[in-house]
Amino acid sequence: MASDGASDEMGMEQTVASGASGAAQAAPNETAATPATSAPLDVTGAAVWAGVSAASSASDGAEARDTPSGAERPSVPSSTPLTSPTPTPSTPAAPVPTASSPAGPEPVPVREGSDDFDRYYAVRLYQGNLALSPDGQQVAYLVNTSGQFNIWRQPITGGWPTQVTTFERETARMVLWSPAGDLIGMADADGAEQYQVFAVPSGGGAVRYFTARPDVQYQVSPRALAPDGRRLVYAGNERVPTDADVFVRDLDTGQTRTILANGRLNVPVNWSPDGRQVTVLDVRSNTDLHLWLVDAASGSATEVLPHEEEFFLVPGPWLPDSSGFYLITDRGREFKGVARFNLATQDLTWVLTPDWDVEHLELSHDGRRMVWVLNEGGASQLYVRDANQSALRVAGLPRGVIEDLTLTPDGRTMALRINGPTAAAEIYVITLDDAEAGAAPAAPRLRRLTYGMLGGLGADDLVTPEPVSIPSPDGRDIPAWLYRPRQADAARVPALLAIHGGPEAQERIEYHALYQYLLARGIAILAPNIRGSTGYGLAYQRQIHRDWGGGDLRDIEAAARYLRGLAWVDSERLGVYGGSFGGFATLSAATRLPEYWSAAVDICGPSNLITFARAVPPTWRRFMARWVGDPDTEADFLRERSPITYIDQTRAPLLILQGANDPRVVKAESDQMVERLRGLGRSVEYVVFADEGHGFAKRRNQLEASRLTADFLLRHLLGESVG
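First, a word on what this report is: a plain description of the structure on this page.

Rules and cut-offs
Residues numbered from 1 in each chain as written. Predicted model: local features only at pLDDT ≥ 70, side-chain atom pairs only at ≥ 80, totals over all residues. Heavy atoms only, no water. Helix = DSSP H or I, 4+ residues; strand = E, 2+ residues; numbered from the N terminus. Expected span 1.5 Å × (residues − 1). Buried < 20%, exposed > 50% of the residue type's maximum accessible area, 1.4 Å probe, protein only. Polar contact = N/O pair within 3.5 Å; in protein donor to acceptor, adjacent residues only side chain to side chain. Contact = heavy atoms within 4.5 Å. 1 Å grid on protein atoms, 1.4 Å probe; cavity = no way out; pocket = protein on both sides within 12 Å on 5 of 7 lines; lining within 4 Å. Points joined across faces, edges and corners; volume = space filled by probe spheres on them. Nonpolar A, V, L, I, M, F, W, Y, C, P; charged D, E, K, R; others polar. Pairing = 2+ DSSP bridges. Axes fitted to C-alpha atoms, helices over the stretch in contact; angles between N-to-C directions. Core = buried A, V, L, I, M, F, W, Y, C linked by side-chain atoms within 4.5 Å. Salt bridge = Lys/Arg side-chain N within 4 Å of Asp/Glu carboxyl O.

The end-to-end C-alpha distance of helix H5 (residues 581-592), which contains 12 residues, comes to 16 Å, matching closely the 16 Å that a straight helix rising 1.5 Å per residue would cover. By the criterion of burial, H5 is predominantly enclosed, with 11 of the 12 residues buried. Within the span of H5, buried status applies to Phe 581, Gly 582, Gly 583, Phe 584, Ala 585, Thr 586, Leu 587, Ser 588, Ala 589, Ala 590 and Thr 591.

Right, let's get into the side chain of Arg 508. Along the polypeptide, Arg 508 turns up in the loop between strand S33 (493-499) and helix H2 (513-521). At a separation of 2.7 Å, a polar atom in the side chain of Arg 508 contacts the side chain of Glu 359. Apart from residues no more than four positions distant in its own chain, Arg 508 is found in contact with Glu 359, Asn 375, Gly 378, Ala 379, Ser 380, Val 401 and Trp 481.

Turning our attention to the layout of surface pockets. Here the second largest pocket defines a volume of roughly 950 Å³. Around the second largest pocket sit 34 residues that line it, and Arg 223, Leu 225, Pro 227, His 365 and Pro 409 are the ones nearest its centre. Counting only elements with at least two residues in the lining of the second largest pocket, the list comes to strand S3 (126-132), strand S7 (170-177), strand S15 (266-271), strand S19 (313-318), strand S23 (357-363) and strand S27 (401-407). With 4 residues, S3 is the largest single contributor of residues to the lining of the second largest pocket. The residue makeup of the lining of the second largest pocket, split by class, is 22 nonpolar, 10 polar and 2 charged.

Paired through their backbone hydrogen bonds, the strands of a sheet run either parallel or antiparallel. One open sheet accounts for 4 strands, arranged S15-S16-S17-S18; its pairing is antiparallel. Each edge of the open sheet is held by one strand with a lone partner, namely S15 and strand S18 (301-304). Strand-to-strand twist of the sheet, defined as the mean angle between neighbouring strand axes without regard to direction, takes the value 30°. Where strand S16 (residues 277-285) lies against strand S17 (residues 288-295), 8 bridges are found, and the strand directions are antiparallel. Of the residues in S17, the one forming a bridge with Val 280 is Trp 292.

For the rest of this paragraph, the subject is unusual backbone geometry. Cis geometry is adopted by the peptide bond preceding Pro 503, which originates at Gly 502 and carries an omega value of -5°. Here Pro 503 shows up in the loop between S33 and H2. Residues other than glycine seldom take positive phi values, yet Glu 193 does so here, at roughly 65°. Checked against the element boundaries, Glu 193 lands in the loop between strand S8 (182-189) and strand S9 (196-201). Look at Glu 193 and you get buried, because its relative accessible area is 9%. Backbone geometry places Ser 580, a non-glycine residue, at a positive phi of 65°. With respect to the secondary-structure elements, Ser 580 resides in the loop between strand S35 (569-579) and H5. What makes Ser 580 buried here is its relative accessible area of 0%.

Nonpolar side chains tend toward joint burial in soluble globular proteins. Ranked by internal contacts, the top residues of the largest apolar core, which has 59 residues, are Leu 497, Leu 526, Trp 548, Ile 556, Trp 597 and Met 624. What Leu 526 contacts, discounting residues up to four positions off in sequence, is Val 468, Ile 470, Ala 480, Trp 481, Leu 482, Leu 496, Leu 497, Ala 498, Ala 559, Tyr 562 and Leu 563. The next biggest cluster of nonpolar side chains, apart from the first, holds 43 residues, and it includes Tyr 121, Tyr 515, Ala 705 and Ala 710.

To continue, consider the pattern of salt bridges. Any two side chains of opposite charge can pair if their charged atoms end up close together. What the rule picks out here adds up to 41 salt bridges. The closest approach of N and O atoms between Arg 230 and Asp 250, which form a salt bridge, is 3.6 Å. With a gap of 20 residues between them, Arg 230 in the loop between strand S11 (218-219) and strand S12 (231-236) and Asp 250 in strand S13 (residues 245-250) connect regions that are remote in the sequence. Arg 230 sits in the partly exposed class, given a relative accessible area of 40%. Classification of Asp 250 as buried rests on a relative accessible area of 17%. We note a salt bridge from Glu 359 to Arg 508, for which the minimum N-O separation is 2.7 Å. With Glu 359 in strand S23 and Arg 508 in the loop between S33 and H2, this residue pair connects regions lying 149 residues apart in the sequence. What makes Arg 508 buried here is its relative accessible area of 8%. Counted as one network, the salt bridges with shared partners bring together Arg 239, Asp 243, Asp 245 and Arg 622.

Scope: geometric values only; no functional claims are made or implied.
In structure tokens:
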């Protein structure tokens, strides 16, 4: 979740970040720099799944197998492994502090009182991907230090960050670094999601737009630049609103050509190392993706692994000789693994087949070093492997979610952003130096670049959630995170059921300012991963398809009963909260399970599935019937599942927040709910943000939405207000 008050995205998963992968206002000179030393990390041998252990075998639907062990053997010379399963740590030399690299962050004055709202929201927020400079010495990222998400850059050795763009209305959504030194990105105005493509000098300056069509949504991926740095590939729906065609722009001449217009929703991902071909995703649903190889010169397109059955696949890094590429897929499996596709033989060889989802995948340009991340029950685990050596599990990172990572071409350095339950997302750099021949391997070293927690809160001031399992009515356990406030030791406390958006997304162990503030005031939080959530296998995820307001509502009731059964929870003071799909779930709970709730907060949630399905963005229309239902032929079914159908049963007071420019869940969804509630004389508070879309990108709006939410919940669950 990017920020409290900003809803999780409803719709397609973000599948093309980082090669295959997912703030308090302050002037630049107020940003703390990195510490003067970097810390060694531990690595341990990881022989835990097929494709890594020499005793395992690759299976799970592989069309072709590699060695008997199933382990990947890249066709490059073998070299000294990164480290051994039992490494000998080395002590890295500490850089000398300079004026631009102080020894650590300055202490932040704080107010007295652990429940001060501002302290929990004194956080710089990061979104989108990370991009390394061509020389690997700087990292670019998106942060809202200025009050809006802009591009900033910072040396990987630490030092002050520099703001590159100065957007106020626009929100920067993606960044990549060209060999010429320009930063290329995409941005939209006031949350409209009509992304435009631009370039700006890395040192700052005038923004130069490549596209200028506010009626068109363009998409650029982090690997959109050709190896020569002169051609940029991107997609846009300028020809037909429901489709996304693929274009190549010559950055020297400005000439733009269409290379794919196949009547599909296309997302170009990355170029082959020889610069001849582009991998293009054809998105048909979250669990049904197709892949095309497009010749950049002729535009001829060939589908990779053509199929009738649904499965997930996203292209990853190419092999150095352009003979094939890796991809993340769940073909024939419950979880997403890594396979290698050979262009000549059209064979798919499994490389990693874990019992958790692979989320990010990076490869050094010589093909020797592979880095990947597993989502292990909602927490991220980083792995590294050199050539045909054993996989190494990197220990010592902050526990949380690795939201993005990127690797330098030589494979020696990676930048990553980690978000944890008691520390908001920060950017780190890991150095993976090669050991000299005959020497003991050096331990990876970790350097923290950013310090975005400005409220003076430490881990001891915050609550780490406990993973719990809730029995569902059909016998399947519902995974959830339970946050217990310290006040629960002395008295029974109210509780909030927080439902994530998506719906094909996951509640994970990340920093939630709203959760932590409410916990400090004495309100427990239960954040379940109801059916339809990702991270627990394909079958679990698919249970939400064409079942909105069905099994998910039964899971919500099971979660409410679970809370009522906790001896330290006051069962008469339960609230429900969510944004986007979580908003729909909140409205469903408030109208169809009214006996459980004392308060409900909906942020941009659909209230009427018929009108919602008819008003979604044009590019979504192709999959709405399979995802939610057909509003033209299944109106009765959608009406039966819509919260507004049961509005007269509502008992709890509601707070509804909505962006006026929301293209995913249009304002009319909230308008009709509020109008009907007021007509029935029910308690409802309604706030519309004129310059926002789906969620809140601008810091001032995010703060206002969060304060309104917190105050509403405190009034109705505690009889108090925000101080």
